[in-house]
Amino acid sequence: MIKDDMAIHAGVPEKAIKAALKQFDLEADLSGVTWDLARSRPGRPTKVYFEAEEMSQIQDAKKKLEQLLNDSGFDLYP
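Residues numbered from 1 in each chain as written. Predicted model: local features only at pLDDT ≥ 70, side-chain atom pairs only at ≥ 80, totals over all residues. Heavy atoms only, no water.

## Details of the overall build of the protein
- Each helix and strand counted, the protein has two helices and three strands in total.
- Counted from the first residue to the last, the protein has its helices and strands arranged as β-α-β-β-α.
- At 12 Å, the protein has a C-alpha radius of gyration in line with the 12 Å of a compact globule built from 78 residues.
- Along the first, second and third principal axes, the C-alpha set of the protein runs to 30 × 20 × 20 Å.
- Here the protein holds 78 residues, and 28% of them are scored as buried.
- Counting contacts in the protein only where the partners sit at least 6 residues apart, residues at least 24 apart contribute 64% of the total.
- For the protein, the exposed surface amounts to about 5,200 Å²; the carbon and sulfur share of it is 48%.
- One finds the centroid of the 11 positive side-chain charges in the protein at a distance of 10 Å from the centroid of its 14 negative side-chain charges. (Helix = DSSP H or I, 4+ residues; strand = E, 2+ residues; numbered from the N terminus. Rg over C-alpha atoms; globule rule 2.2 N^0.38 Å. Buried < 20%, exposed > 50% of the residue type's maximum accessible area, 1.4 Å probe, protein only. Contact = heavy atoms within 4.5 Å. Areas by Shrake-Rupley, 256 points an atom, 1.4 Å probe, with all protein chains shown as cover. Lys, Arg positive; Asp, Glu negative; His and termini not counted. Charge placed at Lys NZ, Arg CZ, Asp CG, Glu CD.)

## Digging into the nonpolar core
- Counting 20 residues, the largest nonpolar core has I8, I17, V48, F50, L65 and L69 as the members making the most contacts within it.
- At the level of secondary structure, the elements contributing two or more residues to this core comprise β1 (2–8), α1 (14–25), β3 (46–52) and α2 (55–71).
- If near-sequence neighbours (up to four positions away) are discounted, I8 is found in contact with I17, P45, T46, V48, L65, L69 and L76. (Core = buried A, V, L, I, M, F, W, Y, C linked by side-chain atoms within 4.5 Å.)

## Some points on the packing of α1 against α2
- Close contact between α1 and α2 brings their axes to 9 Å; oriented N to C, the two are set at 125°. Considering the angle they form, α1 stands oblique to α2. Crossing of α1 over α2 shows right-handed handedness. Where α1 abuts α2, its residues A16, I17, A20, L21, Q23 and F24 lie against A61, K64, L65, L68 and L69.
- A class-by-class count of the residues in the contact of α1 with α2 yields nine nonpolar, one polar and one charged. (Axes fitted to C-alpha atoms, helices over the stretch in contact; angles between N-to-C directions. Parallel < 35°, antiparallel > 145°, perpendicular 65-115°, else oblique. Left-handed = near helix turned anticlockwise from the far one by under 90°. Nonpolar A, V, L, I, M, F, W, Y, C, P; charged D, E, K, R; others polar.)

What is shown is where atoms sit, not what they do.
Below, the structure is given as structure tokens:
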């Protein structure tokens, strides 16, 4: 298993990240990717940890999460 993380800046609420990850779980093409949300501290980036068999799956998962957050109105690159 390959592990990687994604840091999301503190301007994106944790509630929005959790909602996007729940929607992410509904995607059938990303079923081989698991995720875990680290405890966040105020003013610090939120870390999402991904785990999958191949790095390409993790990259696809990161792109999908970014897309879901952008669609919700959150810019990951302010």
